[in-house]
Each structure stands twice: as structure tokens, then as C-alpha cells.
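Coordinates in review
In case you want the letters, here they are:
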Amino acid sequence: MFRLWFSAGVVLWLVPGCVGVAARLYTEDDPLVILSGSSLQPAVTNSSSAWLVQFYSSWCGHCIQYSSTWKTLAQDVQDWQRVIRVAVLDCAQEQNFDVCKEFSIKFYPTFKYFRAHAAATDKGTIYRGADRQIQSVRQLMVNILQNHTRLDWPDHCPPLEPYSSVELLPLLGRRSDHFLVIIVEEPDSFVGREVILDLLQFSGVEVRRALTSDLPLLDALKITTFPSVYLLHPNGTHTHLHVEKCLRFFFVSFLRTLPGVQRKTGTEAGSKVYTADLESALHYLLRVELATHNALEGEELKVFKDFVILVAKLYPVGGSVVKLMETLSDWLLSLPLQRIPYQAILDLVDNKMRISGVFLGAELRWVGCQGSRVGLRGYPCSLWTLFHVLTVQHEATPTALENTGLEGESAPVLQVMRRYIGTFFGCEECGRHFGRRRPTVWTLLAGSLSDDPLFPKAPWPSPALCASCHEETNGVHVWNQDNVLRFLRHHYGASNLSPRYSLIPPRLPAPPPNPGPGPGPVQTSWPQEEQRGGGEKKGEEGRPGEQPEVQRGEDRSEVPGLRRGGGAGGRGRAAGRRGAAAAAGGGRGTAGGGVWILGLGFDSVDMSLCVVLYVCSCLFLMLLFFFFKVRSRRWRLRHSRLHV
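Residues numbered from 1 in each chain as written. Predicted model: local features only at pLDDT ≥ 70, side-chain atom pairs only at ≥ 80, totals over all residues. Heavy atoms only, no water.

As named in an unreviewed UniProt entry, the protein is Sulfhydryl oxidase, taken from Scophthalmus maximus. In its Sequence similarities (unreviewed entry) section, UniProt records this for the protein: "Belongs to the quiescin-sulfhydryl oxidase (QSOX) family." (UniProt positions renumbered as here; feature names shortened; annotations may be inferred.)

**Digging into the pairing of strand β3 (residues 84-90)**
Burial of β3 is extensive: seven of the seven residues sit out of reach of the surface. Here β3 shows no split at all, with Ile84, Val86, Val88 and Asp90 on one side and Arg85, Ala87 and Leu89 on the other all buried. Pairing analysis gives two bridges linking strand β1 (residues 33-34) to β3, with the strands arranged parallel. Across the sheet, the residue bridging to valine 33 is alanine 87, located in β3. As defined by bridge partners, strand β2 (residues 50-56) adjoins β3 across seven bridges and the pair is classed as parallel. Residue pairing in the sheet places alanine 50 in a bridge with isoleucine 84 of β3. (Buried < 20%, exposed > 50% of the residue type's maximum accessible area, 1.4 Å probe, protein only. Helix = DSSP H or I, 4+ residues; strand = E, 2+ residues; numbered from the N terminus. Pairing = 2+ DSSP bridges.)

**Thoughts on helix α7 (residues 191-198)**
The buried fraction of α7 amounts to eight of the eight residues, a majority that puts the element mostly inside the structure. Val191, Gly192, Arg193, Glu194, Val195, Ile196, Leu197 and Asp198 are the residues of α7 that are buried.

**Considering empty space enclosed by the protein**
Going through the model one piece at a time under the given rule, you end up with three cavities of 30 Å³ or more. When its volume is computed, the largest cavity comes out at roughly 80 Å³. Lining the largest cavity, in full, are Ser48, Ser49, Gln81, Arg82, Arg85, His156, Val367, Gln370, Gly371, Ser372, Leu454 and Phe455. For the lining of the largest cavity, the residue count by class is three nonpolar, seven polar and two charged. Size it by volume and the second largest cavity reaches roughly 50 Å³. Around the second largest cavity sit Ala276, Glu279, Ser280, Gly361, Glu363, Arg365, Tyr501, Ser502 and Leu503, which together line it. (1 Å grid on protein atoms, 1.4 Å probe; cavity = no way out; pocket = protein on both sides within 12 Å on 5 of 7 lines; lining within 4 Å. Points joined across faces, edges and corners; volume = space filled by probe spheres on them. Nonpolar A, V, L, I, M, F, W, Y, C, P; charged D, E, K, R; others polar.)

**Comments concerning the sheet that holds strand β9 (residues 228-232)**
The strand order β8-β6-β9-β10 describes an open sheet built from four strands, whose pairing is mixed. With partners counted over all chains shown, the strands left at the sheet margins are β8 (205-211) and β10 (238-241), one partner each. Neighbour-to-neighbour, the strand axes of this sheet turn through a mean angle of 25 degrees, independent of strand direction. The pairing of strand β6 (residues 179-185) with β8 spans seven bridges and is parallel. (Axes fitted to C-alpha atoms, helices over the stretch in contact; angles between N-to-C directions.)

**Some remarks on the state of the cysteines**
Here the structure, examined in full by the defined rule, presents two disulfides. Here cysteine 91 engages in a disulfide with cysteine 100; their sulfurs sit 2.1 Å apart. Between cysteine 91 and cysteine 100 the disulfide shows an S-S torsion of about -90 degrees. By sign, it is left-handed. Residues cysteine 91 and cysteine 100 agree in their burial class; the two are buried. (Disulfide = S-S within 2.5 Å.)

**Here's the deal with a nonpolar patch on the surface**
On the surface, a cluster of nonpolar side chains totalling about 750 Å² of accessible area is made up of Val611, Tyr614, Val615, Leu619, Met622, Phe625 and Phe626. Relative to the helices and strands, phenylalanine 625 is located in helix α21 (residues 604-643). Judged by relative accessible area, phenylalanine 625 falls into the exposed class, the value being 53%. (Patch = residues over 30% accessible without salt bridge, like charges linked within 9 Å, V, L, I, M, F, W, Y side chains within 5 Å. Areas by Shrake-Rupley, 256 points an atom, 1.4 Å probe, with all protein chains shown as cover. Salt bridge = Lys/Arg side-chain N within 4 Å of Asp/Glu carboxyl O.)

**Considerations on the nonpolar core**
Core analysis: the biggest nonpolar cluster contains 56 residues, and Phe304, Phe307, Trp331, Ile345 and Tyr420 have the highest contact counts within it. Elements supplying a minimum of two residues to this core: α10 (275-289), α11 (299-314), α12 (320-334), α13 (342-349), α14 (379-396) and α15 (412-424). The element contributing the most residues to this core is α11, with 10 residues. Within the second largest apolar cluster, 50 residues are counted, among which are Val137, Leu160, Ile183 and Val195. (Core = buried A, V, L, I, M, F, W, Y, C linked by side-chain atoms within 4.5 Å.)

**Considering the sheet that holds β2**
Taken together, the five strands give an open sheet; going across it, the order is β1-β3-β2-β4-β5, and neighbouring strands pair in mixed fashion. The open sheet terminates on both sides in strands that have one partner only, identified here as β1 and β5 (125-126). One ladder, built from five bridges, connects β2 with strand β4 (residues 110-114); its direction is antiparallel. Looking at β4, one finds that valine 53 is bridged to lysine 112.

Dropping the structure here:
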């Protein structure tokens, strides 16, 4: 009897765990993204890829049966993740109730797709097709990609439109550094576009598609069966590709075995460096990582000042970010305080003083540093990229750090980087580990839990990205250091920075016109800057997504405690005791912007009340003065008459 009760107790103890596991239809081991109420909106908003999300319920019988099909689909299109992502969200979990209601999820499962670079107000488009088998949904994904416009085209998506004979025939007999594959198919066929996306993560081969309606191409290539593959070799020869079956799987399997065709590493997927990643790194650094410190003092304050000076002097793009860092640097160096509250720094970063041309977007926009799922790459990737860019920029402009206190250090960018990582980087163990490494060697640890499976850590740059960087000596691989240095100078140089997807600074509202005949608002900025407009007008005339260019050394007279023309290295340029006091306790805004003191905002109404009270008190004191003056005269006259 005791044994029976013991067995029953064990079963009851194990059942809840089994039910909990069964309730999780999808796990982290599945090749898809598991979203939640907090991660859905950030994931699909302004993403560099499109998204196909299944909203399901873990208690829905049909959802449970369909889960194996959805996992198989995600595995089938795993190599498409750079351009379209497959995800799930469980609406049965309590923390997801609100987001499912917000996105109008009424039935399960509901399939919604989100275009790349979607706005925050975009709630997705419902797929209402009755056929939800793998092939149909895969073709839906192709149509989703192809329906993008040139403006919102996914970052890493290759062209999917068919090429013409005018574009393809001149390539016959031409030498190149990769294989070129021409797939000729019927207009309603999806094989060519699926093969293009299947080989998206492979280098050494390029796939283009053509249609059977292009008769000159068919005659030149002598193609009679469809779909058909024509292969152009790197040495200029070309021939038909014969496979056992004219199916997508056979085409892809054969093309992946061609000599020189290999899977790209994470950094090869995009050869550009995006300023959106650099700005996201600064946003996270200044508004999130630094926020863990209530105040900066001592060594922490010195390290932060050095970092701000470094970015202000070496950030290659210019524009509103540079003006912000220059303003922050001038403000920090002019303060006589040994301890600065973080809130004061945050208010300046958020431009509470309403300085024209100062802006740093408060949004994470990972482009080149976007991971395959939430929690991978992101901030660490963008922070390393930022320091690499600053290092290359310092080599290009070695005199930029003169008179800053950093010019005497050897490899100043690296030294500031090591001090910052050891002082502020959120992962304490990572900071200690980084500080113990040799300055000139950076080894990558592959296979760890933080390793992104879509962007595996590997020696970089790879042969596909920089073939001249790799050599062999007596059968042993060696690095060509001269070519590696040349590659790094180009890759992280200003010419390779892309301003796409960067946030555009908003235009500050103009001060309201003065309706009365009295004096207008007090001018707190130089007339020259008003004529320049803070660089915003130039930003409007530039290309979409580009930040406005603002020349360095531009007027920063709005900064409290600074004279006009104060630089990052100009210690002791504070404007006397009154300016220093204003810098320590707050500052002044532009016209109509009020006054700002260590995070406490005094608007124009408060200042008007202060002025009224001041005037009233002056009048009251004057009345008292004249009152006692008159009384004293009367007393003197009366006293003199009595004496007589």
C-alpha cells in the first residue's frame, strides 16, 4: 500500500512538469524567433528584414497539430533569415494578452506579415489563405519580399525580378571571380526566386532568373526545357547544368558544392558599416548603461570625459551627433564640480536645453549588428564597431586629439576603450576578461551560448570577404598583415559608412511671435547660428535618412558656462563666475525654451512670476522708503516749532 501511494505521489509530482513542457509548442532550439509582448513591437518596427509571425494559443488543438508544419517551414527557409524572419507568439500566456489585443488577434492561429522598415503604427497584414502548407506559405514569403518598394526593400535581399537577354547575353565569355547561374523558368514558377534566397548566405555564386518569354535568350542558350539552369564559370566558359531532377532541392544542392562556394560568416553578409548601429551604441551607452550610475565622480568621471572627447573629435560622420558630443564635452570640461549627477548628463543628451542641431535618436536600430534573435549581437557588436571606426579615423587624422590631454598616449583610442570597458561595460566579467588581453590581439571564442548561429564567430576577415588577406607558407595559413590593414582602413573608414536608417533630427518649433509692442524675447544664441539654422535646412535638402551635416567648431553659445568658440580641449574657458555657476546649477535655453537647472525645468511662466514678484517687491520697498522719508520730515518740522 505504501508503495502504491509513493508511486502515485511521484506521478503527480512529475505531471505538472510534463504538462508545462508540452504547453511550450516552440523552444529556443527551433529555427525561429519566439516573440513576447515586450519584444514584438521592437522586433518588427523598422526592421531590416520582413517578418511572418504566427499568433497561436498553446491550448488550441489546431495550433498544436500545426506546430510541426511551422517548424518544418522555419527549417526549410532558415537561410532566408537575413531578408524575412519566421516567428511565433503565444497569446495564451498572460504577459501576452495586451499585445494580442492590440494587434487584433481574435482567432488562432492568425498569420500576420510585416514589411521591412515598418512604422511603429503598422499592426501587420493578415494572411487569409486557406492553404497553409509549407509550399504555399513559402511562396507567400517570396511574394511578400517582391511586393516591397525600392524605398523599403529589405537591406540584404537580392533582386528577385527577372533579367532580360540584353542584360545577360553580354556576360557570356566574360571572366569574373564567382559563378553566375541563370535560371530560365515559366512566369508563374517560384523555383528561381527560391534558389536565389536559398543561396543568400553563400559566397562565390550569384543567381539570376529569366523567363521563357525572352526568345532571344532561349535561342542563344539553346534551352528547350524548363526550369533550366545555365552555368557561367569564372574562367569565362559556360554550359548547361544537368541535374537528375529539375527541382529546387537538386539545384541548390549542386550549386553549393561548386568549388569556391562557401557559407558566409556573419560579417560578410553586409560589407557596409551603418551609422544607425553607431548611433544605437551611443544611445544605449548614454541612456541605459550609464544610467546605472547615479553620479559620476573620480576615476569614473575622468573615463567618461575621455570617452566623450574621443567621440567628439573622431566621429567621422559629423552632424547632430558630433554637435551633441562636442556640447557635452565642452559642458563637462567647464564644470568646476568633482561630482556630476547622471540626471544632468541625461538632460543634456535629451536636449532639454533645446540647442539647435543637437540630437541623438532614442531608438535601437540594429542593421549590420542585428542578431538572428533577440539577445544576440546588438549592443556589443555596435560598441566594437564604434571603437574600430574611431581607431581608423584617428589614424586618418592624427592631429584631431591635440590639446585634449589624450595626444600623449600611445594608441589613445585603444586605451580609452580599455578604460571604458573596465569601468562602465555592463558585463563585469567581460570587462575584466577584456582588460587582461594583449592590446594587439583579439581572439574570438566560437561555440559559446552567446554565439549567434547565423553569425558564427570565426577569424575575420574571411577569404570570401578579403581574399588578399590570406596566404599560405609551406602549407600553413598566414595573414598578410599589410592587406589586412588596408582592408580595415577601408571597411571602417568614413567612405564605407552608410547613413541609411539613421534617425533624422526633428525640427525644433520656432518661438511664438511677440504680439505686443513691448520688447521681444531675450536672445540667447548668436545671430550667425540663426542664419545657418543649425544645419537642419541642409539635412532636409539631403538624401532621405541622412543626418544633416554640421561643421565642427560651430557656435555653441547656448551651452551654459561656455564662451563662444569653446572647444573640447579648452580647459578654463568658462565664462567667469556667473557662467560657471550657471553650468554647475543648470543653464539657459534658447528663446522660448525656458531655463533648465539640473533636470528641473523652469518655463517662461515661472520666470514671468519671478519678474513680477521682483518688480512688486521693488515697488513696495520704494513706497516704504518714501513713507518714512515724509514722516521724518514732518517730525523734524514739528520738533523745530516746539523748540522755538
